[in-house]
Structures are given as structure tokens and as C-alpha cells.
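Listed below, chain by chain, are the residues.
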Amino acid sequence: MNVKMQLIDTHVHLNFEVFQQDFASVRSRWQEAGVVHLVHSCVSPSEFSSIQAIAARVPELSFAVGLHPLDASEWDVDTSKQITELATSDSKVVALGEMGLDFYKADNYEQQLLVFEAQLEIATDLNLPVIIHCRDAAPKLKEVLRHWKNLKGERLRGVMHCWGGTPEETQWFMDLGFYISFSGTVTFKNAKDIQASCKIVSPERLLIETDCPFLAPHPKRGTKRNEPSYVRYVAEHVSALRSEAIEVIAAQTTQNACQLFGLTL
């Protein structure tokens with residue numbers, strides 16, 4: 001790959017234990033691969049200090065704060081205030097999330113909805129984009145976002161991260177103005193719906209990510225840890241699926257990430 005190409009990994013989790021021993025090497029590899037910026041997601045406000053510490057020593061990293069739907073039970077009367085304060089305390093915070101709905105691993109539907117909508121309220125009040133996790137919940141999530149779009153208009157914006165939906169579902173969220181981000185799952189042999197969805201996403205709505213340390217892409221699938229440098233494999237696969245030059249995919253997804261998250265390279 002031409003190292004002059006610029007790539008942005010729009011979803012990472014680098015504060016995990018698995019990166020602590022060789023972080024400098026991991027960073028060197030993403031720089032060599034042309035990754036010029038990363039957006040670090042957050043599954044719980046309790047992670048904020050560890051993510052902030054990484055961002056303080058990695059100039060090319062921005063981050064988010066939020067509560068993952070599988071941690072919705074952690075929400076209490078103070079969480080909304082805590083997230084708001086954290087989101088406004090550091091200029092490197094560029095989004096809220098990850099948030100959303102996960103009906104695959106949990107059945108506390110009402111609690112997830114309460115927590116999701118509370119975070120949408122914060123995000124639109126602060127005029128920040130949202131990073132959305134959606135698993136086996138696309139119809140309900142569409143319903144919620146459509147309601148909030150009617151209430152908040154352009155202040156509601158964001159990305160469907162690590163997207164795994166059908167082309168029909170993909171169109172729902174594009175119609176609501178959301179970006180669609182593909183991870184290593186788009187490279188998996190049997191991921192037919194994801195690959196079909198990748199082909200129909202409008203160029204101005206396309207993003208790429210690793211979701212590291214999870215979901216290493218082919219040809220690294222099976223390795224114990226995914227890492228940001230592997231986003232180039234996602235870009236290459238997206239390029240092949242869409243019959244577009246890798247340089248075009250790199251330039252378009254980088255421009256889109258800058259637009260959504262307000263990044264300046």
C-alpha cells in the first residue's frame with residue numbers, strides 16, 4: 001500500500017490491557033500504514049481517564065464518552081450529568097458513544113431505550129455526533145432515531161459503527177443522514193449482507209474502522225488482537241467490493257471522518 005495515503009480508523013479501543021505491553025510498536029505500525037487519525041470509543045464513563053491519558057500522549061487520537069447498551073444497568077441519576085461534564089472537559093472529545101441498542105446479548109429493552117435516549121439528548125444539546133452500536137435492534141433503533149431527527153433536525157447526526165445490517169436497514173439509516181462504518185467483518189467470507197450493504201452506501205456516508213482489539217480482518221483473522229494498522233485491510237476489501245481504487249476509498253473515508261467528527265489533519 002502507498003504509505004502516502006491517509007486513513008482514519010474511526011473506532012478503536014486502545015485502553016484495553018492487551019495493548020499495554022507494546023503500545024509504542026502498535027502506534028509505529030499504524031503510522032507506517034498511513035493511519036493519520038483515530039477515534040477512540042468509550043463503553044463506560046469509568047473509562048474516561050484511561051482514554052484521556054492515551055489521547056494526551058497521542059496527538060493523532062480523538063475520543064468519545066458514553067455508555068454501551070450492554071452496560072445500561074450502570075446508569076443512575078448522576079450518569080447524565082457525569083457524561084455531560086466529561087464531554088465538555090476536554091477539547092479532544094469529538095463524539096458521544098458508543099451508545100445504542102443490543103437485543104442480541106441482552107433483553108433489558110426498556111432500560112437500554114432509556115439510556116440511549118438520555119444520551120441522544122446530551123449529544124444534541126452539546127451538538128456532538130453519536131457513535132451507535134446496533135445489534136439485532138435495527139427496526140427499533142430506526143424508530144427512535146426518526147423520532148429524534150424530527151425533534152432535533154441536523155443536531156442529530158452520527159455513525160452506525162461496525163455495521164452488520166442488511167441493505168434495506170442500511171438505507172434506513174442513510175435516509176436519516178447517518179454515516180455507515182465498516183469493520184473487519186466486511187472481509188469475512190460469509191458476511192454477504194454486510195458486503196451487499198457496503199456496495200450501496202453513498203460515497204459521502206462511508207467510513208472504515210477496526211473496532212480493535214476485536215474482529216481482526218482477513219488476512220489477519222484468527223489473530224488474538226486486532227490493531228489500527230489493520231484498517232488498511234478493511235479499506236482494501238471495501239475498495240474491491242465497490243470496484244473503486246484504494247486511493248479513492250482512502251481519500252473519501254478520511255474526508256468523511258473529518259466532516260463528521262470535526263477533525264483537522
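Scroll up a little and you will see the structure.
Residues numbered from 1 in each chain as written. Predicted model: local features only at pLDDT ≥ 70, side-chain atom pairs only at ≥ 80, totals over all residues. Heavy atoms only, no water.

A. Seen up close, the overall build of the protein. The number of helices and strands found in the protein is 9 helices and 8 strands. Out of the 265 residues belonging to the protein, those deemed buried represent 57%. Considering only contacts within the protein whose residues lie at least 6 apart along the sequence, 73% involve residues at least 24 apart. In the structure as shown, the protein presents an accessible area of about 11400 Å², 48% of it carried by carbon and sulfur atoms. Side chains of the protein carry 25 positive and 33 negative charges; the gap between the two charge centres is 6 Å. (Helix = DSSP H or I, 4+ residues; strand = E, 2+ residues; numbered from the N terminus. Buried < 20%, exposed > 50% of the residue type's maximum accessible area, 1.4 Å probe, protein only. Contact = heavy atoms within 4.5 Å. Areas by Shrake-Rupley, 256 points an atom, 1.4 Å probe, with all protein chains shown as cover. Lys, Arg positive; Asp, Glu negative; His and termini not counted. Charge placed at Lys NZ, Arg CZ, Asp CG, Glu CD.)

B. Here's a closer look at the packing of helix 3 (residues 79–87) against helix 4 (residues 109–126). As a packed pair, helix 3 and helix 4 sit with axes 10 Å apart at the nearest point and diverge in direction by 30°. One element, helix 3, and the other, helix 4, form an angle in the roughly parallel class. Note on packing geometry: the crossing formed by helix 3 with helix 4 is right-handed. Contacts from Ser-80, Ile-83, Thr-84 and Ala-87 of helix 3 reach helix 4 at Gln-119, Ile-122 and Leu-126. Looking at the contact of helix 3 with helix 4, its residues break down into 4 nonpolar, 3 polar and no charged. (Axes fitted to C-alpha atoms, helices over the stretch in contact; angles between N-to-C directions. Parallel < 35°, antiparallel > 145°, perpendicular 65-115°, else oblique. Left-handed = near helix turned anticlockwise from the far one by under 90°. Nonpolar A, V, L, I, M, F, W, Y, C, P; charged D, E, K, R; others polar.)

C. Looking closely at the sheet that holds strand 1 (residues 7–12). The strand order across the open sheet built from 8 strands is 1-2-3-4-5-6-7-8, with neighbouring strands paired in parallel fashion. With partners counted over all chains shown, the strands left at the sheet margins are strand 1 and strand 8 (206–208), one partner each. Shown here is a sheet whose adjacent strand axes are inclined to one another by a mean of 30°, direction ignored. Bridge count for strand 4 (residues 93–102) against strand 5 (residues 130–135) is 5 bridges, and the pairing is parallel. Looking across to strand 5, one finds that Leu-101 is bridged to Cys-134. Lying on the sheet, helix 8 (residues 231–242) is in contact with strand 1, strand 2 (35–40), strand 7 (179–182) and strand 8; it crosses strand 8 at an angle near 145°. (Pairing = 2+ DSSP bridges.)

D. Spotlight on helix 5 (residues 138–152). Counted at 1.5 Å a residue, the expected span for helix 5 with its 15 residues is 21 Å, and the 20 Å between its end C-alpha atoms agrees. Every buried residue belonging to helix 5 is among Ala-138, Leu-141, Lys-142, Val-144, Leu-145, Trp-148 and Lys-149, and all of these are buried. Buried positions in helix 5, seen along its axis, are confined to an arc of 165° and lie on one side of it. Exposed residues on helix 5 whose side chains face more than 90 degrees from its buried face are Asn-150 and Leu-151. Summarising the contacts, the buried residues of helix 5 are in contact with strand 4, helix 4, strand 5, strand 6 (158–160) and helix 6 (167–175). (Expected span 1.5 Å × (residues − 1). Arc of directions from axis to C-beta.)

E. Here's a closer look at the packing of helix 6 against helix 7 (residues 192–200). Orientation of helix 6 relative to helix 7, taken along the N-to-C sense of each, is 40°, at an axis distance of 8 Å. The orientation of helix 6 relative to helix 7 falls into the category oblique. Helix 6 and helix 7 meet at a crossing whose hand is right-handed. In this structure, helix 6 uses Pro-167, Thr-170, Gln-171 and Met-174 to contact helix 7, whose residues at the interface are Asp-193, Ala-196, Ser-197 and Ile-200.

F. Broad picture of the nonpolar core. Ranked by size, the top nonpolar core spans 72 residues in total, and within it Leu-14, Leu-145 and Phe-173 carry the most contacts. No other element matches helix 4, which puts 6 residues into this core. Counting residues in each nonpolar core, the second largest holds 14 residues, with Ile-8, Ile-131, Leu-207 and Cys-258 among its members. (Core = buried A, V, L, I, M, F, W, Y, C linked by side-chain atoms within 4.5 Å.)

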